[in-house]
Amino acid sequence: MPLLADWLLRHSVVMCLLLHSLVLMTFCFHHAATSCSKSCYCSQSEVGGKTVRCSNLRLTEIPQDIPNDTRRLYLDFNLLTTVPTNAFLELPLLNELDLSHNELVQLEPGAFRGLGGSLQFLDLSSNRLMTLNPEAFEGLQSRANLTHNPWHCDCNLQNVMPQVDLEPTSLAGIVCQTSEPEDVGAQGTPFLLAKDLDLCVVLKKTTDVAMLVTMFGWFTMVISYLVYYVRHNQEDARRHLEYLKSLPSKQGKSEESSTISTVV
Ligand SMILES: *[C@@H]1O[C@H](CO)[C@@H](O)[C@H](O)[C@H]1NC(C)=O
Ligand SMILES: *[C@@H]1O[C@H](CO)[C@@H](O)[C@H](O)[C@H]1NC(C)=O
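Everything numeric here is computed off the predicted structure, so don't read it as measured data.

A. Quick peek at the overall build of the protein. On a plain count of helices and strands, the protein comes out with five helices and 10 strands. The 264 residues of the protein split such that 32% are buried. Here the analysis covers contacts within the protein between residues at least 6 apart in sequence; of these, 46% occur between residues at least 24 apart.

Spelled out as structure tokens, the structure:
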């Protein structure tokens, strides 16, 4: 009997240890599966992969601890003012990125670097973007929502537009709130429609005027120099003549007449 009890006791200890480690392991695996950014809410679905929601948290910076297997990231309704370079470089599976309803005034060069192969939808609507930085969108061909931003349509925007590879229909979301020049009637119209207004024509005109002024300046200088040169020479010639006149020789006279003919 004591032998059996001993056996039971020993085995229960082993069983207990086994159970204990099993619980620990489960806990660890569970933790790994739900590893998430501190401030955000994560969910995982079999088909769609990981979704991370950081909406409406008054964030002024993009959290650095977003899991690298995130497929959808919601950063909308925060206080972000810029998207720094390489902000999402560690998220190679990111499919959808929502940055709408923030205070974004600019996107730094390479802001979406690394997302070229995976990103399908980028929401930048309802921000404070006035102009496009083509270097921010390098390698990005996704669909984008660019509406509800105070776009400033000018020669610069016209020049950078062809360098942006975003899906072309996305660019229709760029509706001019202000324009340069002001009086071309671009305000309130999508930039793609206002494009044939040629916002660079005014710049060309000012360049032309500058050219004209410069040329006029040069011209004036040349004329003044010519006038000065002729006057100066006339004076010299007159002095020379007077000198010759004061010489009472015959040779001087003939020289005098030849000088006169040269001057004339
Ligand atoms: C995420 O990071 C881990 C550890 O650094 C790495 O093993 C894993 O392959 C990464 N996942 C992706 C999708 O890049
Ligand atoms: C773009 O964003 C605006 C405002 O955030 C929203 O009303 C609109 O439905 C969005 N459009 C698309 C195509 O997602």
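Moving on from the model shown.
B. Structural detail: a nonpolar patch on the surface. Taken together, the side chains of Y225, Y228, Y229 and V230 present a nonpolar region at the surface, about 460 Å² in accessible area. As for its placement among the helices and strands, Y225 is situated in helix α4 (residues 201–245). Residue class for Y225 comes out exposed when judged on its relative accessible area of 52%.

C. Fine view of the state of the cysteines. Tallied over the full model, the rule gives four disulfides. The disulfide bridge from C36 ends at C42, spanning 1.8 Å between sulfur atoms. The sign of the S-S torsion, about 75°, decides the handedness of the disulfide formed by C36 and C42: right-handed. Disulfide partner of C40: C54, at an S-S distance of 2.1 Å. Every disulfide takes its handedness from the sign of the S-S torsion; for C40 and C54 that torsion is 105°, giving right-handed. Residue C40 is found in the loop between α1 (2–33) and β1 (41–45), and its partner C54 is found in the loop between β2 (49–53) and β3 (70–74); the two are separated by 14 residues along the sequence. Comparing C40 with C54 shows no difference in burial state: the two are buried. Listing the disulfide partners of the protein by sequence rank of the bonded cysteines yields 1-3, 2-4, 5-7, 6-8.

D. Region of the structure containing the site of ligand 2. Neighbouring ligand 2 are H101, S125, S126, N145, T147 and H148. A distance of 3.4 Å separates an oxygen atom of ligand 2 from a polar atom in the side chain of S126. One of the side-chain nitrogen or oxygen atoms of T147 is found 3.5 Å away from an oxygen atom of ligand 2. Protein burial of ligand 2: of its 360 Å² of free accessible surface, 45% is covered by the chains. When the residues that make up the shell around ligand 2 are grouped by side-chain class, the tally is no nonpolar, six polar and no charged.

E. Spatial organisation of the sheet that holds strand β5 (residues 96–98). What the six strands build is an open sheet, ordered β1-β2-β3-β5-β7-β8; its pairing is mixed. Edge positions in the open sheet fall to β1 and β8 (143–145), since each of these has one partner strand only. For this sheet the average axis-to-axis angle between neighbouring strands, irrespective of direction, equals 15°. Where strand β7 (residues 121–123) and β8 come together, three bridges link them in parallel fashion. Along β8, the bridge assignment pairs F121 with R143.

F. Representation of the site of ligand 1. N68, P92 and L93 make up every residue found near ligand 1. In this structure, N68 approaches ligand 1 through a side-chain N or O atom, which is 2.3 Å from an oxygen atom. In isolation ligand 1 exposes 360 Å². Once the protein is present, 30% of that is buried.

G. Seen up close, the UniProt feature "domain: LRRNT" (unreviewed entry) in the protein. As annotated in UniProt, the feature "domain: LRRNT" (unreviewed entry) corresponds to residues 35–72 in the numbering used here. The distance from the first to the last C-alpha atom of residues 35–72 is 15 Å, and the span holds 0% helix and 34% strand.

Conventions we followed
- Residues numbered from 1 in each chain as written.
- Chains lettered and ligands numbered in written order.
- Predicted model: local features only at pLDDT ≥ 70, side-chain atom pairs only at ≥ 80, totals over all residues.
- Heavy atoms only, no water.
- Helix = DSSP H or I, 4+ residues; strand = E, 2+ residues; numbered from the N terminus.
- Buried < 20%, exposed > 50% of the residue type's maximum accessible area, 1.4 Å probe, protein only.
- Contact = heavy atoms within 4.5 Å.
- Patch = residues over 30% accessible without salt bridge, like charges linked within 9 Å, V, L, I, M, F, W, Y side chains within 5 Å.
- Areas by Shrake-Rupley, 256 points an atom, 1.4 Å probe, with all protein chains shown as cover.
- Salt bridge = Lys/Arg side-chain N within 4 Å of Asp/Glu carboxyl O.
- Disulfide = S-S within 2.5 Å.
- Near = heavy atom within 4 Å.
- Polar contact = N/O pair within 3.5 Å; in protein donor to acceptor, adjacent residues only side chain to side chain.
- Nonpolar A, V, L, I, M, F, W, Y, C, P; charged D, E, K, R; others polar.
- Pairing = 2+ DSSP bridges.
- Axes fitted to C-alpha atoms, helices over the stretch in contact; angles between N-to-C directions.
- UniProt positions renumbered as here; feature names shortened; annotations may be inferred.

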